[in-house]
Structure formats: structure tokens, C-alpha cells
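# Observations on the three-dimensional arrangement
What follows is the residue order along each chain.
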Amino acid sequence: MTQLTLTKLRMRNGIWEGRISAADRTREPDIRVTYLDRPVTDVTLCETDTAGSWDISIAVPSHAVADGVQTFVILDAESGTKLGDFSLIAGEAVSDDLRAEVELLRAELDMLKRAFRRHCLETT
């Protein structure tokens, strides 16, 4: 049995992208993605220029964009092995998250910098 490796590339426009690789595998792996123990149907697997490597794209269903933490699990369907997961955090759960607080502070700092620069231009 070949060991598959999943590497996250990015999350953009509601699509999670990653790369699956297996050094000694030539056929496309059977990948399953679940959300709330149900299959996610909009999953695309494309072979890359590198042998034994495939790009995976997972479109996040619109009903999964909701308050709380929403977790997606990526599995090798052949072996049942979990390759990875990703989560979306929104709504009330975000208010207690430190990363959300840092992003809020950055946004406020940017706002203050713009206001200060505007003030300096107006008073000169």
C-alpha cells in the first residue's frame, strides 16, 4: 500500500486547494471529503507535471459557511486513512479566537494610520 501525503496550498474564493503525492504511485488515488459525516461532492483531482502528484480542489458548499467551526475531513477512500482536514471559523466562535482578535487589531491600526496621515496632510 502506498502512503499518500497531503499538503495544503491555499484557500481562495471558497475553494480549498492542496497537493496529494505518493512517490511510487502511478494511478489516481480515490479521495473522499466529508463534512458533518456526509460526502462533499465538488472535489476535483488533477494530475500535475510531477509523477505521483495530484492537485486537489475542494469547493466549500455554501451551507457550510455558518456560525461556529465547520470541519472538513480528507480521506484516502481505498485505505480509509485520514490525509488531512481543514476548518472554517465564523460568527460567535470567532470572537473568542486569538487570531480573530489580532486581525481586528490590525484592521483598527490600519484605520488609525490612515486617519493620522489624513490629519497630518490637513494640518500642514
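Relevant structure appears above.
The text that follows walks through the structure, step by step, so that each part is easy to find. Just so we're clear, the structure is a prediction, and the values are computed from it rather than from any experiment.

### Thoughts on the pattern of salt bridges
Evaluated as defined, the whole model comprises seven salt bridges. With a shortest N-O distance of 2.5 Å, R10 and E17 are connected by a salt bridge. We classify E17 as buried; its relative accessible area is 14%. Across the pair D55 and R19 runs a salt bridge, and its minimum N-O distance is 2.7 Å. On the criterion of sequence distance, the pair formed by D55 in strand β6 (residues 53-59) and R19 in strand β2 (residues 15-21) is long-range, its members being 36 residues apart. For R19, a relative accessible area of 32% puts it in the partly exposed group. Residues joined in a network through salt bridges with shared partners are R10, R12 and E17.

### Side note on the nonpolar core
A general tendency of soluble globular proteins is for nonpolar side chains to be buried together. Core analysis: the largest hydrophobic core is formed by 19 residues, its most contacted members being I20, I31, I56, I58, F72 and I74. Looking at this core, the elements that each hand over two or more residues are β2, β3 (31-35), β6, β7 (68-76) and β8 (81-90). The residues touching I31, leaving out its near neighbours within four places in the chain, are L4, I20, L45, I56, I74, L75, D76 and L83.

### Some words on unusual backbone geometry
For L36, which is not a glycine, the phi torsion comes out positive at approximately 55°. Along the chain, the position of L36 falls in the loop between β3 and β4 (38-39). One non-glycine residue, D37, adopts positive backbone phi at about 60°. Note on placement: D37 falls in the loop between β3 and β4. According to the relative accessible area criterion, D37 is exposed, its value standing at 76%.

### A look at the environment of L75
Within the secondary structure, L75 is located in strand β7. For the pair L75 and D30, spaced 45 residues apart in sequence, the C-alpha to C-alpha distance is 8.5 Å. Setting aside its immediate chain neighbours within four residues, L75 contacts D30, I31, R32, T34, G80, T81, K82 and L83.

### Side note on the environment of T48
Along the chain, T48 turns up in the loop between β5 (43-47) and β6. Classification of T48 as buried rests on a relative accessible area of 16%. Along the chain, T48 and G80 lie 32 residues apart, while their C-alpha atoms are 24 Å from each other. A polar contact is formed between the side chain of T48 and the backbone oxygen of T50, at a distance of 3.3 Å.

### So, the sheet that holds β8
Strand order in this open sheet of four strands is β4-β3-β7-β8, and the pairing throughout is antiparallel. Each of the sheet's edge strands pairs with one partner strand only, and the pair in question is β4 and β8. Pairing analysis gives five bridges linking β3 to β7, with the strands arranged antiparallel. Across the sheet, T34 pairs through a bridge with V73, a residue of β7.

Calculation notes
- Residues numbered from 1 in each chain as written.
- Predicted model: local features only at pLDDT ≥ 70, side-chain atom pairs only at ≥ 80, totals over all residues.
- Heavy atoms only, no water.
- Salt bridge = Lys/Arg side-chain N within 4 Å of Asp/Glu carboxyl O.
- Buried < 20%, exposed > 50% of the residue type's maximum accessible area, 1.4 Å probe, protein only.
- Helix = DSSP H or I, 4+ residues; strand = E, 2+ residues; numbered from the N terminus.
- Core = buried A, V, L, I, M, F, W, Y, C linked by side-chain atoms within 4.5 Å.
- Contact = heavy atoms within 4.5 Å.
- Polar contact = N/O pair within 3.5 Å; in protein donor to acceptor, adjacent residues only side chain to side chain.
- Pairing = 2+ DSSP bridges.

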